[in-house]
Amino acid sequence: MKRLIALLAAFSLSAQAGVIDITPAGQTFTDCVTCTTFGGRGVYFRANTDVSVSAIGWVGSLIGGDYTLTISEGNGVNAPLGAALGSFNSTQADSGFGLNWFDAAFTFHAGQEYHINLAHSDGSEFSTRYDYMEFDKATSDIGALTVLDGTSYPDGGGANNFWLSHFELQTAAQAVPEPATLAIFGLGLAGMLGARRRKQG
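Calculation notes
- Residues numbered from 1 in each chain as written.
- Predicted model: local features only at pLDDT ≥ 70, side-chain atom pairs only at ≥ 80, totals over all residues.
- Heavy atoms only, no water.
- Helix = DSSP H or I, 4+ residues; strand = E, 2+ residues; numbered from the N terminus.
- Buried < 20%, exposed > 50% of the residue type's maximum accessible area, 1.4 Å probe, protein only.
- Contact = heavy atoms within 4.5 Å.
- Areas by Shrake-Rupley, 256 points an atom, 1.4 Å probe, with all protein chains shown as cover.
- Pairing = 2+ DSSP bridges.
- Polar contact = N/O pair within 3.5 Å; in protein donor to acceptor, adjacent residues only side chain to side chain.
- Patch = residues over 30% accessible without salt bridge, like charges linked within 9 Å, V, L, I, M, F, W, Y side chains within 5 Å.
- Salt bridge = Lys/Arg side-chain N within 4 Å of Asp/Glu carboxyl O.
- Core = buried A, V, L, I, M, F, W, Y, C linked by side-chain atoms within 4.5 Å.
- Phe/Tyr/Trp six-rings, centres within 6.5 Å; stacked < 30°, edge-to-face > 60°.
- pLDDT = per-residue confidence, 0-100.

## Thoughts on the overall build of the chain
(1) Moving on: The number of helices and strands found in the chain is two helices and 15 strands.
(2) Moving on: Taking all 201 residues of the chain together, the buried fraction comes to 43%.
(3) Moving on: Long-range contacts, defined here as pairs at least 24 residues apart, represent 83% of the contacts in the chain between residues at least 6 apart.
(4) Moving on: Just so you have it, the chain exposes about 10300 Å², and 54% of that area is on carbon and sulfur atoms.

## Description of the pairing of strand 6 (residues 65-73)
Along any regular strand the residues' side chains alternate between the sheet's two faces.
(1) Moving on: With seven of nine residues buried, strand 6 lies mostly within the body of the structure.
(2) Moving on: Bridge analysis of strand 6 against strand 7 (residues 84-92) gives eight bridges, and the strand direction is antiparallel. Across the sheet, the residue bridging to Thr68 is Asn89, located in strand 7.
(3) Moving on: Bridge count for strand 6 against strand 9 (residues 113-120) is seven bridges, and the pairing is antiparallel. In the sheet register, Glu73 faces strand 9, and the bridge partner there is Tyr114.

## A closer look at the environment of Ser124
(1) Moving on: Along the chain, the position of Ser124 falls in the loop between strand 9 and strand 10 (130-134).
(2) Moving on: It is 9.1 Å that separates the C-alpha atoms of Ser124 and Gly40, two residues lying 84 residues apart in sequence.
(3) Moving on: In this structure the side chain of Ser124 is engaged in a polar contact, spanning 2.6 Å, whose partner is the side chain of Asp122.

## Re the sheet that holds strand 9
(1) Moving on: If you walk across this open sheet you meet the six strands as 7-6-9-4-12-11, and the pairing is antiparallel. Looking at strand neighbours, the two that pair on one side only are strand 7 and strand 11 (140-141), the edges of this open sheet.

## Quick notes on a nonpolar patch on the surface
(1) Moving on: A contiguous nonpolar surface patch, about 240 Å² in accessible area, is contributed by Val19, Leu99 and Trp101.
(2) Moving on: Checked against the element boundaries, Trp101 lands in strand 8 (residues 98-108).
(3) Moving on: On the accessibility criterion, Trp101 (32% relative accessible area) is partly exposed.

## Things to note about the nonpolar core
(1) Moving on: With 37 residues, the main nonpolar core has Ile56, Leu69, Phe108, Ile116, Leu145, Phe167 and Leu169 as its most contacted residues.
(2) Moving on: Residues in contact with Phe167, not counting those within four places in the same chain, are Ile20, Asp21, Ile22, Arg41, Gly42, Val43, Ile56, Gly57, Trp58, Leu69, Ile116 and Leu118.

## Some words on the packing of aromatic side chains
(1) Moving on: Here the structure, examined in full by the defined rule, presents 11 aromatic pairs.
(2) Moving on: When the ring of Phe106 is compared with that of Tyr114, the centres are 6.1 Å apart and the planes differ by 85 degrees; the resulting orientation is edge-to-face.
(3) Moving on: Classification of Phe106 by relative accessible area gives buried; the value is 15%.
(4) Moving on: On the basis of an interplanar angle of 15 degrees and a centroid distance of 4.8 Å, the ring pair of Tyr132 and Trp163 is categorised as stacked. Residue Tyr132 is found in strand 10, and its partner Trp163 is found in strand 13 (residues 163-165); the two are separated by 31 residues along the sequence.

## Side note on the environment of Glu168
(1) Moving on: Tracing the backbone shows Glu168 in strand 14 (residues 167-171).
(2) Moving on: For the pair formed by Glu168 and Gly57, sequence separation is 111 residues and the distance between their alpha carbons is 4.9 Å.
(3) Moving on: Dropping the residues within four chain positions of it, Glu168 is found in contact with Val19, Ile20, Asp21, Ala55, Ile56, Gly57, Val59, Leu99 and Trp101.

## Things to note about the side chain of Gln92
(1) Moving on: Residue placement: Gln92 occurs in strand 7.
(2) Moving on: A polar side-chain atom of Gln92 sits 3.0 Å from a polar atom in the side chain of Ser90.

## So, the confidence of the model for the chain
(1) Moving on: Confidence along the chain averages 80 in pLDDT terms, with 74% of residues attaining 70 or more.
(2) Moving on: Here residues 1-15 is a poorly scored stretch, pLDDT under 50, and it has 26 contacts once near neighbours within four places are set aside; other chains count.

## Overview of the pattern of salt bridges
It is possible for side chains of opposite charge to pair when their charged atoms get near one another.
(1) Moving on: Under the definition given, this model contains two salt bridges.
(2) Moving on: For Arg129, the salt bridge identified is with Asp31, shortest N-O distance 2.7 Å. Of this pair, Arg129 sits in the loop between strand 9 and strand 10 while Asp31 is found in strand 3 (residues 30-32), placing the two residues 98 residues apart along the sequence.
(3) Moving on: The class of Asp31 is partly exposed, set by a relative accessible area of 31%.
(4) Moving on: Here Glu113 and Arg46 are joined by a salt bridge, their closest N and O atoms 3.8 Å apart. In this pair, Glu113 sits in strand 9 while Arg46 sits in strand 4 (residues 40-47), placing the two residues 67 residues apart along the sequence.
(5) Moving on: For Arg46, a relative accessible area of 28% corresponds to the partly exposed category.

Structure representation (structure tokens):
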């Protein structure tokens, strides 16, 4: 019994996380060096499985200021958005072009539609360099998600827009058994069972 307790104590779990790049299959983003003024940029998608995230990133150049990332309930690309499910604020430095992460702990549930929108917290428009594509609205399955549409609204107030900008999701770390500890645990358990049989024999 003591051996079993020791083995269970040694059965460690490692935290693993990854990144989901919301890039429709077979398409690529273009760097918009000189862009028109816009109030917000968003992506509309359906979750194909439960996805827990710890952060959401947007690829572009955010001039220093206060920004709000809003997650809303989707009701279909031709319908108004549902309730706001989460709102995350961040003051971004003038750091140049790249991936801008927002701390955003949230779980997207399988079979439900969502909209993520990035905008100035005060609702003002901004013009900045960013990654974009002219998305033709054909659904695009990227595994955990199906991309449905892009949006460009100051407050995420709707979908049905072909302008798709570049978002990424940082998946939350989930405890999974390390292969090495699984193997050790299995060998130890097999040894204990063998010893028990010998005692009984």
